[in-house]
Amino acid sequence: MKNQLQRYGVWKVANTWTPALAKELETLGFGALWIGGSKDSELHLVEQLLQATENIVIATGIINVWSTDADTVGPAFHRIEQRFPGRFVLGIGAGHRESNQSVYDKPYTAVKHYLDRLDAGEVPSDRRVLAALGPDMVRLSGRRSLGAHPYLTIPEHTKKARDLLGPLPLLAPEQKVVLGSDPGITRAVGRAFVDDPYLQRVNYRNNLLSLGYSEDEMINGGSDRLIDDLVLQGTAARVAERLEGGHHAAGADHVAIQLLADGAPTVESYRELAHALGLRRAQ
(Lines give C-alpha, C1' and ligand atoms only; values in the text may rest on other atoms or scores of the structure.)
Protein backbone atom coordinates (compact mmCIF):
# COMPACT_ATOMS: atom_id res chain seq x y z
CA MET A 1 0.00 0.00 0.00
CA LYS A 2 2.84 2.41 0.83
CA ASN A 3 4.22 2.23 -2.72
CA GLN A 4 0.75 2.24 -4.24
CA LEU A 5 0.24 5.84 -3.05
CA GLN A 6 3.16 6.91 -5.26
CA ARG A 7 5.04 10.17 -4.62
CA TYR A 8 2.23 12.70 -4.99
CA GLY A 9 -1.47 12.96 -4.28
CA VAL A 10 -4.12 15.66 -4.05
CA TRP A 11 -5.73 16.82 -0.79
CA LYS A 12 -9.09 18.61 -0.84
CA VAL A 13 -11.78 19.34 1.73
CA ALA A 14 -14.62 16.84 1.51
CA ASN A 15 -17.27 19.20 0.15
CA THR A 16 -15.04 20.28 -2.76
CA TRP A 17 -14.58 16.81 -4.22
CA THR A 18 -16.60 15.61 -7.19
CA PRO A 19 -16.43 12.27 -9.01
CA ALA A 20 -15.56 14.10 -12.24
CA LEU A 21 -12.57 15.84 -10.67
CA ALA A 22 -11.37 12.59 -9.12
CA LYS A 23 -11.46 10.92 -12.53
CA GLU A 24 -9.55 13.79 -14.13
CA LEU A 25 -6.83 13.80 -11.46
CA GLU A 26 -6.35 10.07 -11.88
CA THR A 27 -5.70 10.59 -15.59
CA LEU A 28 -3.04 13.18 -14.71
CA GLY A 29 -1.03 10.60 -12.80
CA PHE A 30 -1.56 11.47 -9.15
CA GLY A 31 -1.32 8.42 -6.89
CA ALA A 32 -3.86 9.21 -4.19
CA LEU A 33 -6.81 11.50 -3.49
CA TRP A 34 -7.21 12.69 0.11
CA ILE A 35 -10.62 13.64 1.51
CA GLY A 36 -10.05 16.30 4.15
CA GLY A 37 -12.35 16.84 7.12
CA SER A 38 -14.69 13.92 6.51
CA LYS A 39 -17.39 13.37 9.16
CA ASP A 40 -19.19 10.57 7.33
CA SER A 41 -19.04 7.33 9.34
CA GLU A 42 -20.53 5.43 6.41
CA LEU A 43 -17.78 6.68 4.04
CA HIS A 44 -20.22 7.44 1.21
CA LEU A 45 -17.96 10.00 -0.49
CA VAL A 46 -15.07 7.55 -0.44
CA GLU A 47 -17.27 5.05 -2.24
CA GLN A 48 -18.39 7.65 -4.82
CA LEU A 49 -14.81 8.63 -5.69
CA LEU A 50 -13.70 5.01 -5.91
CA GLN A 51 -16.60 4.23 -8.22
CA ALA A 52 -15.66 7.16 -10.50
CA THR A 53 -12.03 6.03 -10.84
CA GLU A 54 -10.19 2.87 -11.78
CA ASN A 55 -6.94 2.38 -9.87
CA ILE A 56 -6.12 5.43 -7.77
CA VAL A 57 -6.05 5.19 -3.97
CA ILE A 58 -8.67 7.15 -2.03
CA ALA A 59 -7.77 8.18 1.54
CA THR A 60 -9.50 10.08 4.30
CA GLY A 61 -7.33 12.84 5.66
CA ILE A 62 -8.93 12.63 8.15
CA ILE A 63 -12.10 11.31 9.73
CA ASN A 64 -12.50 12.74 13.23
CA VAL A 65 -12.59 10.38 16.21
CA TRP A 66 -15.04 12.64 18.05
CA SER A 67 -17.59 12.96 15.23
CA THR A 68 -17.47 9.52 13.59
CA ASP A 69 -18.34 6.16 15.11
CA ALA A 70 -15.63 3.50 14.89
CA ASP A 71 -18.24 0.76 15.14
CA THR A 72 -19.88 2.17 12.00
CA VAL A 73 -16.62 2.98 10.21
CA GLY A 74 -15.38 -0.61 10.56
CA PRO A 75 -18.24 -2.24 8.62
CA ALA A 76 -18.10 0.63 6.08
CA PHE A 77 -14.41 -0.12 5.51
CA HIS A 78 -15.20 -3.77 4.82
CA ARG A 79 -18.06 -2.83 2.48
CA ILE A 80 -15.68 -0.65 0.47
CA GLU A 81 -12.90 -3.22 0.56
CA GLN A 82 -15.22 -5.83 -0.88
CA ARG A 83 -16.18 -3.55 -3.78
CA PHE A 84 -12.78 -1.91 -4.36
CA PRO A 85 -10.11 -4.18 -2.89
CA GLY A 86 -6.82 -2.54 -1.93
CA ARG A 87 -7.75 1.02 -2.92
CA PHE A 88 -8.81 2.68 0.34
CA VAL A 89 -6.74 4.06 3.22
CA LEU A 90 -8.56 5.13 6.38
CA GLY A 91 -6.99 8.25 7.87
CA ILE A 92 -8.13 9.13 11.39
CA GLY A 93 -7.27 11.83 13.90
CA ALA A 94 -8.37 13.89 16.88
CA GLY A 95 -8.91 17.18 15.06
CA HIS A 96 -8.88 20.40 17.07
CA ARG A 97 -9.96 21.29 20.57
CA GLU A 98 -11.66 24.46 19.28
CA SER A 99 -13.92 22.46 16.94
CA ASN A 100 -14.83 19.80 19.49
CA GLN A 101 -15.13 21.72 22.75
CA SER A 102 -17.85 19.59 24.30
CA VAL A 103 -16.03 16.25 23.91
CA TYR A 104 -12.34 17.03 23.38
CA ASP A 105 -10.34 15.43 26.19
CA LYS A 106 -7.07 13.49 26.12
CA PRO A 107 -6.81 13.22 22.31
CA TYR A 108 -3.98 10.67 22.43
CA THR A 109 -6.08 8.35 24.60
CA ALA A 110 -9.12 8.91 22.39
CA VAL A 111 -7.19 7.95 19.26
CA LYS A 112 -5.83 4.81 20.94
CA HIS A 113 -9.34 3.82 22.00
CA TYR A 114 -10.62 4.43 18.47
CA LEU A 115 -7.84 2.21 17.10
CA ASP A 116 -8.81 -0.49 19.60
CA ARG A 117 -12.36 -0.41 18.26
CA LEU A 118 -11.08 -0.61 14.68
CA ASP A 119 -8.95 -3.59 15.70
CA ALA A 120 -12.06 -5.24 17.13
CA GLY A 121 -13.76 -4.60 13.79
CA GLU A 122 -10.82 -6.23 11.98
CA VAL A 123 -9.78 -3.10 10.09
CA PRO A 124 -6.16 -3.91 9.13
CA SER A 125 -3.55 -1.66 10.73
CA ASP A 126 -1.71 -1.34 7.42
CA ARG A 127 -4.77 0.22 5.80
CA ARG A 128 -5.06 3.17 8.16
CA VAL A 129 -2.95 6.25 8.90
CA LEU A 130 -2.95 8.76 11.74
CA ALA A 131 -2.96 12.54 11.70
CA ALA A 132 0.22 13.14 13.71
CA LEU A 133 2.09 16.27 14.74
CA GLY A 134 3.52 15.67 18.22
CA PRO A 135 6.14 12.99 18.92
CA ASP A 136 3.79 10.69 20.86
CA MET A 137 1.21 10.61 18.06
CA VAL A 138 3.91 10.13 15.43
CA ARG A 139 5.27 7.14 17.34
CA LEU A 140 1.74 5.76 17.76
CA SER A 141 1.17 6.02 14.01
CA GLY A 142 4.21 3.84 13.40
CA ARG A 143 3.09 1.22 15.91
CA ARG A 144 -0.63 1.05 15.19
CA SER A 145 -1.04 2.03 11.53
CA LEU A 146 0.60 2.28 8.13
CA GLY A 147 2.13 5.58 9.22
CA ALA A 148 1.66 9.32 9.69
CA HIS A 149 -0.23 12.00 7.77
CA PRO A 150 0.92 15.33 9.24
CA TYR A 151 -0.92 18.51 8.24
CA LEU A 152 0.39 22.09 8.00
CA THR A 153 4.03 21.21 8.44
CA ILE A 154 7.41 22.01 6.95
CA PRO A 155 10.30 19.75 5.88
CA GLU A 156 11.99 20.17 9.27
CA HIS A 157 8.98 18.48 10.87
CA THR A 158 9.10 15.75 8.24
CA LYS A 159 12.73 15.05 9.11
CA LYS A 160 11.91 14.84 12.83
CA ALA A 161 8.95 12.57 12.11
CA ARG A 162 11.07 10.27 9.94
CA ASP A 163 13.65 10.02 12.71
CA LEU A 164 10.89 9.01 15.14
CA LEU A 165 9.24 6.54 12.77
CA GLY A 166 12.30 4.86 11.38
CA PRO A 167 12.56 3.87 7.71
CA LEU A 168 9.55 1.61 7.23
CA PRO A 169 6.27 3.39 8.19
CA LEU A 170 4.57 5.68 5.71
CA LEU A 171 5.18 9.41 6.07
CA ALA A 172 2.73 11.42 3.97
CA PRO A 173 2.59 15.14 4.86
CA GLU A 174 0.07 17.56 3.41
CA GLN A 175 1.54 20.58 1.59
CA LYS A 176 -0.26 23.76 0.52
CA VAL A 177 0.63 25.20 -2.88
CA VAL A 178 -0.29 28.38 -4.77
CA LEU A 179 0.75 28.71 -8.41
CA GLY A 180 1.61 32.16 -9.73
CA SER A 181 4.44 34.53 -10.55
CA ASP A 182 3.49 37.48 -8.31
CA PRO A 183 4.58 36.84 -4.68
CA GLY A 184 2.23 39.53 -3.38
CA ILE A 185 -0.76 37.75 -4.87
CA THR A 186 0.29 34.18 -4.06
CA ARG A 187 1.21 35.06 -0.48
CA ALA A 188 -2.13 36.78 0.06
CA VAL A 189 -3.96 33.65 -1.12
CA GLY A 190 -1.85 31.44 1.12
CA ARG A 191 -2.23 33.71 4.14
CA ALA A 192 -6.03 33.71 3.87
CA PHE A 193 -6.11 29.91 4.02
CA VAL A 194 -3.51 29.53 6.78
CA ASP A 195 -4.63 32.29 9.13
CA ASP A 196 -8.24 31.18 9.46
CA PRO A 197 -8.62 28.66 10.90
CA TYR A 198 -5.17 27.14 11.35
CA LEU A 199 -3.28 29.92 13.12
CA GLN A 200 -6.23 30.07 15.52
CA ARG A 201 -5.79 26.39 16.51
CA VAL A 202 -3.63 25.63 19.54
CA ASN A 203 -2.30 22.30 18.24
CA TYR A 204 -0.92 23.89 15.08
CA ARG A 205 0.44 26.88 16.97
CA ASN A 206 2.24 24.62 19.43
CA ASN A 207 3.72 22.58 16.59
CA LEU A 208 4.98 25.73 14.88
CA LEU A 209 6.49 26.96 18.13
CA SER A 210 8.34 23.64 18.43
CA LEU A 211 9.74 24.23 14.93
CA GLY A 212 11.25 27.58 15.90
CA TYR A 213 8.60 30.13 14.96
CA SER A 214 7.66 32.79 17.48
CA GLU A 215 4.26 33.81 18.80
CA ASP A 216 4.71 37.14 17.02
CA GLU A 217 4.99 35.32 13.69
CA MET A 218 1.53 33.80 14.18
CA ILE A 219 -0.46 37.01 14.68
CA ASN A 220 -1.96 39.39 12.12
CA GLY A 221 -2.25 36.66 9.52
CA GLY A 222 1.23 35.24 10.01
CA SER A 223 4.64 36.63 9.09
CA ASP A 224 5.81 36.50 5.49
CA ARG A 225 8.45 33.94 6.51
CA LEU A 226 5.86 31.68 8.12
CA ILE A 227 3.43 31.87 5.20
CA ASP A 228 6.17 31.29 2.64
CA ASP A 229 7.38 28.24 4.56
CA LEU A 230 3.91 26.74 4.97
CA VAL A 231 2.65 27.52 1.44
CA LEU A 232 4.88 26.78 -1.54
CA GLN A 233 4.46 29.50 -4.16
CA GLY A 234 5.67 30.22 -7.67
CA THR A 235 5.59 28.64 -11.08
CA ALA A 236 4.73 24.96 -11.35
CA ALA A 237 8.39 24.21 -12.10
CA ARG A 238 9.57 26.10 -9.01
CA VAL A 239 6.98 24.41 -6.79
CA ALA A 240 7.95 20.97 -8.13
CA GLU A 241 11.60 21.71 -7.35
CA ARG A 242 10.75 22.74 -3.79
CA LEU A 243 8.56 19.68 -3.23
CA GLU A 244 11.37 17.35 -4.25
CA GLY A 245 13.98 19.28 -2.27
CA GLY A 246 11.68 19.76 0.71
CA HIS A 247 9.46 17.04 2.16
CA HIS A 248 10.80 14.26 -0.04
CA ALA A 249 14.42 15.12 0.69
CA ALA A 250 13.51 15.18 4.40
CA GLY A 251 12.15 11.64 4.33
CA ALA A 252 8.55 11.75 3.08
CA ASP A 253 7.27 8.83 1.01
CA HIS A 254 4.29 10.73 -0.37
CA VAL A 255 3.15 14.37 -0.37
CA ALA A 256 -0.56 15.24 -0.41
CA ILE A 257 -0.75 18.54 -2.32
CA GLN A 258 -3.49 21.00 -1.38
CA LEU A 259 -3.65 23.40 -4.33
CA LEU A 260 -5.01 26.80 -3.32
CA ALA A 261 -6.29 29.62 -5.49
CA ASP A 262 -8.42 32.75 -5.37
CA GLY A 263 -11.52 30.66 -6.04
CA ALA A 264 -11.50 26.98 -6.95
CA PRO A 265 -8.27 25.67 -8.51
CA THR A 266 -8.76 24.85 -12.17
CA VAL A 267 -8.17 21.47 -13.78
CA GLU A 268 -5.58 23.21 -15.93
CA SER A 269 -3.62 24.22 -12.81
CA TYR A 270 -3.54 20.60 -11.66
CA ARG A 271 -2.45 19.57 -15.17
CA GLU A 272 0.35 22.14 -15.12
CA LEU A 273 1.58 20.91 -11.76
CA ALA A 274 1.37 17.25 -12.76
CA HIS A 275 3.47 18.00 -15.83
CA ALA A 276 6.11 19.85 -13.78
CA LEU A 277 6.26 16.93 -11.33
CA GLY A 278 6.82 14.51 -14.18
CA LEU A 279 3.76 12.42 -13.38
CA ARG A 280 2.79 9.77 -15.85
CA ARG A 281 -0.76 9.90 -17.12
CA ALA A 282 -2.88 6.91 -16.22
CA GLN A 283 -3.43 4.55 -19.13
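Each remark here, short or long, concerns the structure printed above.
This text gives an overview of the structure that appears in the document.

So, how was this worked out
- Residues numbered from 1 in each chain as written.
- Predicted model: local features only at pLDDT ≥ 70, side-chain atom pairs only at ≥ 80, totals over all residues.
- Heavy atoms only, no water.
- Axes fitted to C-alpha atoms, helices over the stretch in contact; angles between N-to-C directions.
- Helix = DSSP H or I, 4+ residues; strand = E, 2+ residues; numbered from the N terminus.
- Parallel < 35°, antiparallel > 145°, perpendicular 65-115°, else oblique.
- Contact = heavy atoms within 4.5 Å.
- Nonpolar A, V, L, I, M, F, W, Y, C, P; charged D, E, K, R; others polar.
- Polar contact = N/O pair within 3.5 Å; in protein donor to acceptor, adjacent residues only side chain to side chain.
- Core = buried A, V, L, I, M, F, W, Y, C linked by side-chain atoms within 4.5 Å.
- Buried < 20%, exposed > 50% of the residue type's maximum accessible area, 1.4 Å probe, protein only.

**Overview of the packing of helix α2 (residues 44-52) against helix α3 (residues 70-83)**
And then number 1: Remark: α2 packs on α3, axes separated minimally by 10 Å, with the N-to-C direction vectors making an angle of 10°. The angle between α2 and α3 falls in the class roughly parallel. Listed contacts from α3 to His44, Val46, Glu47, Leu50 and Gln51 of α2 are Arg79, Ile80 and Arg83.
And then number 2: Classifying every residue of the contact of α2 with α3 gives 3 nonpolar, 2 polar and 3 charged.

**Quick word on the environment of Thr53**
And then number 1: As for its position among the elements, Thr53 is in the loop between α2 and β3 (57-60).
And then number 2: Considering only alpha carbons, one finds Thr53 and Lys23, 30 residues apart in sequence, at a separation of 5.2 Å.
And then number 3: Residues within four places of Thr53 in sequence aside, it is in contact with Ala22, Lys23, Glu26 and Arg87.
And then number 4: One polar contact links the side chain of Thr53 to the main-chain carbonyl oxygen of Leu49, over a distance of 2.8 Å.

**A look at the nonpolar core**
And then number 1: Membership of the largest hydrophobic core comes to 58 residues, with the highest contact counts inside it found for Trp17, Leu25, Ile92, Val111 and Leu118.
And then number 2: Beyond its immediate stretch of four places on either side in the chain, Leu25 contacts Val10, Trp17, Phe30, Leu33 and Tyr270.
And then number 3: Counting 31 residues, the second largest nonpolar core, distinct from the first, contains Trp34, Val57, Val89 and Leu199.

**As for the environment of Phe84**
And then number 1: Of note, Phe84 is situated in the loop between α3 and β5 (88-93).
And then number 2: Residue class for Phe84 comes out buried when judged on its relative accessible area of 10%.
And then number 3: With 52 residues separating them in the primary sequence, Phe84 and Ala32 have C-alpha atoms 14 Å apart.
And then number 4: Contact partners of Phe84, with chain neighbours within four places excluded, come to Glu47, Leu50 and Gln51.

**Points about the environment of Leu146**
And then number 1: With respect to the helices and strands, the residue Leu146 is situated in the loop between α5 (135-144) and β7 (147-148).
And then number 2: Overall, the relative accessible area of 13% leaves Leu146 in the buried class.
And then number 3: Note: C-alpha distance between Leu146 and Leu199 (53 residues apart in sequence) is 28 Å.

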